[in-house]
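Remarks on the overall topology
Listed here are the chains, written in short residue letters.
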Amino acid sequence: VLDAFAGGPPRAIVSSVMGFEYHGYEIRQEQIDENLTTIKRLKLRNVRYHCGDGRFLDDSGEQATYDVALTCPPYHNLETYSDHPDDISNCGTYDEFNAAMMLCAQAHRPLMKPGAFVCIVVGPFSDKRTSELIDFPAHTVQNFQEAGFIFHQQVILSKNFGSAAKRSTNSWKGLKLVPLHDFLLVFRTPS
């Protein structure tokens, strides 16, 4: 399992429990250290973290290594994860961010086995500066198709309805409804 934007340990935990080898890329070493503490405490195996950028996945000269990729990238400037200059949540404009996501799609292509799946959780969001609704799912589909993937399936993921009231405080300031779903976009490499 390849995870280009590892963040916290849930995807690593599930992968390990299910018997898969997990490789997570995370730009923040402190997040990796925290994750490894959790992984060790749970006595899980086959979890590897790489301190690196999801736009430039290191294939170490190997091709077609992974059966599946699963990740949830930052949503541009919705939340800043670090002050690291290569953290794509720091991109100045959405165009820069989308170009970074294109690099991520291209970085996945040589690492995925024929017929492998790439699963990405994304959703539309409002730009903090302009309040324009950004169709992040559509741009993700376009990026991965241009990188040579087949758009295989779209799954709607329901968000926690209980937290909608809390989230609505900020959303309503922009006169927008609270989103209650994200999309799991599933891509395949050609067989």
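Above this text sits the structure in question.
First, a word on what this report is: a plain description of the structure on this page. (Residues numbered from 1 in each chain as written. Predicted model: local features only at pLDDT ≥ 70, side-chain atom pairs only at ≥ 80, totals over all residues. Heavy atoms only, no water.)

Looking now at the overall build of the protein chain. Of the regular secondary structure elements, the protein chain holds five helices and nine strands. Order of helices (α) and strands (β) in the protein chain, N terminus to C terminus: β-α-β-α-β-β-α-β-β-β-α-β-α-β. By residue count, 44% of the 191 residues in the protein chain fall in the buried class. Taking as baseline every contact in the protein chain between residues at least 6 positions apart, the subset at least 24 positions apart corresponds to 72%. For the protein chain, the accessible surface area stands at approximately 10400 Å², while carbon and sulfur atoms represent 55% of it. (Helix = DSSP H or I, 4+ residues; strand = E, 2+ residues; numbered from the N terminus. Buried < 20%, exposed > 50% of the residue type's maximum accessible area, 1.4 Å probe, protein only. Contact = heavy atoms within 4.5 Å. Areas by Shrake-Rupley, 256 points an atom, 1.4 Å probe, with all protein chains shown as cover.)

Leu-2, Met-112, Val-118 and Phe-136 are the most contacted members of the largest nonpolar core, which totals 38 residues. Mapped onto this core, the elements with two or more residues apiece are strand 4 (66–71), helix 3 (94–108), strand 5 (112–122), helix 4 (136–146) and strand 9 (181–188). With eight residues, the single largest contributor to this core is helix 3. Aside from chain neighbours lying at most four places away, what touches Leu-2 is His-23, Tyr-25, Leu-57, Tyr-66, Val-68, Ala-69, Leu-70, His-108, Leu-111 and Met-112. Ala-6, Tyr-22, Ile-32 and Tyr-49 belong to the second-largest nonpolar core, a separate cluster that totals eight residues. (Core = buried A, V, L, I, M, F, W, Y, C linked by side-chain atoms within 4.5 Å.)

A word on the packing of aromatic side chains. Summed over all chains, the structure comprises ten aromatic pairs. Judged by centre distance (5.7 Å) and plane angle (70 degrees), the ring pair of Tyr-22 and Tyr-49 falls under edge-to-face. You can see Tyr-22 sitting in strand 2 (residues 22–26) and its partner Tyr-49 sitting in strand 3 (residues 47–51), a full 27 residues away along the chain. Considering the side-chain rings of Tyr-94 and Phe-97, the 5.7 Å spacing of their centres and the 40 degrees angle between planes classify their relative orientation as tilted. With a gap of three residues between them, Tyr-94 and Phe-97 both fall in helix 3, about one helical turn apart. As far as burial versus exposure is concerned, Tyr-94 and Phe-97 are alike and both buried. Grouped by ring-pair contacts, the aromatic residues Tyr-75, Tyr-94, Phe-97, Phe-125 and Phe-136 constitute a single cluster. The cationic tip of Arg-109 hangs over the ring face of Phe-149; the distance from NZ or CZ to the ring centre is 5.7 Å. (Phe/Tyr/Trp six-rings, centres within 6.5 Å; stacked < 30°, edge-to-face > 60°. Lys NZ or Arg CZ within 6 Å of the ring centre and 35° of its normal.)

Along the chain, Gln-31 turns up in helix 2 (residues 29–41). In this structure Gln-31 comes out as buried when scored by relative accessible area, which is 13%. C-alpha of Gln-31 to C-alpha of Pro-9: the two residues are 22 residues apart in sequence and 9.0 Å apart in space. Setting aside residues up to four positions removed in sequence, Gln-31 forms contacts with Gly-7, Gly-8 and Glu-26.

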